[in-house]
Amino acid sequence: MALFSRFFKQTEEAPRPELGVLLAERSLPLDLPGLAELVKDFDHFSTSERVAYMDAVAELSHAGVALPEPWKFAQYEVLPELVPHWVGEREAFFHRPFCEGLTLRVRLGDHRLTKAWAVLFETTIDEVLDQALYNLHEKAKDSGFDRLPSGIYQSTFRDPHVGSSALLLLPEFWDHLFPGQNHFLAIPTQETLLVAPQVLLPKLLEATTKIISATEQVLLATLLTQVEKKLVVANMQDPHPIAQPQRELRQLDLLQALRAQDNDLDNAVAGSASPMPLGTLRNSQGRTLTCATWSEGVAVALPEVDLIAFIGAKGEPLGIYFRPSLPRIHELRGTVISIWGPRRSRFDGFPTGEQLARLEVFATAEQMKAMGQDLAAKVAPKPTTPAAANALNTPGTTQKTIQAASPLPNNLRGAVLGVQGDD
């Protein structure tokens, strides 16, 4: 319709810029690969359409990205994919939030859709998304689910680009598997979609953590459920037996994002601000809390974790405090860092003993020291397998013994203070 509407527009009074002129203004050659096929309808473009079109061509060309095929060909190849929300924010592709923790992108082979591609397709983002979902449905229509010995179901759909996880976008493939029951879902990797009713939640948890323990690429650890046709995080309240394991899975997703974010801090922060060692601690009720370690003498990039473990200039433990009480130290103000993913603030100073006393305490300096962990200097042995380390993206951690009844594997449980390695 967009093409036909151009034939009925009133003639513009001012002459429209020629293709060669627009290319020259953007330092682009006339024989740019792929351009001739895209500009066959260029004579029918208005001035604003020509400018927008050439801006999109220039954006892709200067970024070293090949021009796409015309939409009449590309429409049969586009597919949706799900990625962690922080990945969507970090990478410069079009993405649209899907549910908590996940965002939706569109890919065409090895390329991902950008707004520039949509301009060159001469269509809307919504039309591209609709076509991508249609293509996925057609690819997956003959696939089904295998019933595992545990009773949970696993999708048999296989695709080298988007995997089974993309079927989360098409509830008609899975929302009828357990009639009359709530459906719980897991996509620990791109290639995996697991579905279970509430009665089999422990089995779903067991299968999910087993997969996470054996992979280097976690898509989403958190379990999801469907509520009134919408996918949401499965929030079980204590004392539900799955409440604490689900909390740990959500913390795993957060720590994975923060550790990926560490690599980009140098580019986001004016002047150095050190990433803070990260991990989790378990309180007396068995609830895990995220914890960052703040050492005196360096500027830090503090994430919005639950706890802060403070270390003095000589490596002495100063106590562990609840981060939400940090604003009580009004003399110490952080500056929000402009960066993708979880929120962080830069702090250049370090609290005095009097200031620390204003905070809500989790563990005193003596209790922290009694944990037997020298957070300033000691690096604990690394996990015995790369998979165990990668499941938490932890270069090295110090772990305390916890209740053996935890349903999570070893790499996902424990009272862990975030001692990082030097690699």
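Attention in this report is confined to the structure presented alongside it. (Residues numbered from 1 in each chain as written. Predicted model: local features only at pLDDT ≥ 70, side-chain atom pairs only at ≥ 80, totals over all residues. Heavy atoms only, no water.)

1. Some thoughts on the pattern of salt bridges
- One pass over the full model with this rule turns up 21 salt bridges.
- For Arg112, the salt bridge identified is with Glu81, shortest N-O distance 3.0 Å. Of this pair, Arg112 sits in strand β4 (residues 111–112) while Glu81 sits in strand β1 (residues 78–84), and the two are 31 residues apart along the sequence.
- Here Arg112 falls in the partly exposed class, since its relative accessible area comes to 24%.
- A relative accessible area of 1% means that Glu81 is categorised as buried.
- Within the structure, one salt-bridge network assembled from shared partners comprises Glu81, Arg90, Glu91, Arg105, Arg107 and Arg112. (Salt bridge = Lys/Arg side-chain N within 4 Å of Asp/Glu carboxyl O. Helix = DSSP H or I, 4+ residues; strand = E, 2+ residues; numbered from the N terminus. Buried < 20%, exposed > 50% of the residue type's maximum accessible area, 1.4 Å probe, protein only.)

2. Structural notes on the sheet that holds strand β7 (residues 183–186)
- With respect to topology, six strands assemble into an open sheet ordered β5-β6-β8-β7-β9-β10, the strand pairing being antiparallel. The open sheet has two free edges, formed respectively by β5 (145–147) and β10 (230–233), since each of these has just one partner strand. Averaged over all pairs of adjacent strands, the angle between their axes in this sheet comes to 30°, without regard to strand direction.
- The sheet contact formed by strand β9 (residues 224–227) and β10 spans four bridges and is antiparallel. Across the sheet, Val227 pairs through a bridge with Lys230, a residue of β10.
- In the packing of helix α9 (residues 201–213) onto the sheet, contacts are made with β7 and β8 (194–197), and the angle to β8 comes to roughly 160°. (Pairing = 2+ DSSP bridges. Axes fitted to C-alpha atoms, helices over the stretch in contact; angles between N-to-C directions. Contact = heavy atoms within 4.5 Å.)

3. Considerations on the environment of Leu102
- Along the polypeptide, Leu102 turns up in strand β3 (residues 102–108).
- In sequence terms Leu102 and Leu82 are 20 residues apart; their C-alpha atoms lie 6.4 Å from each other.

4. A look at helix α8 (residues 125–140)
- Between its first and last C-alpha atoms α8 spans 23 Å; for 16 residues at 1.5 Å apiece the expected length is 22 Å, and the two agree.
- Contact partners of the buried residues in α8: α5 (71–74), β1, β2 (96–99), β3 and α7 (115–121). (Expected span 1.5 Å × (residues − 1).)

5. Quick word on the side chain of His183
- Looking at where His183 falls in the secondary structure, it is placed in strand β7.
- Given a relative accessible area of 4%, His183 falls into the buried group.
- Sequence-distant contacts of His183, that is, excluding residues within four places in its chain, are made with Trp174, Asp175, His176, Leu177, Phe178, Val195, Ala196, Leu224, Thr225 and Gln226.

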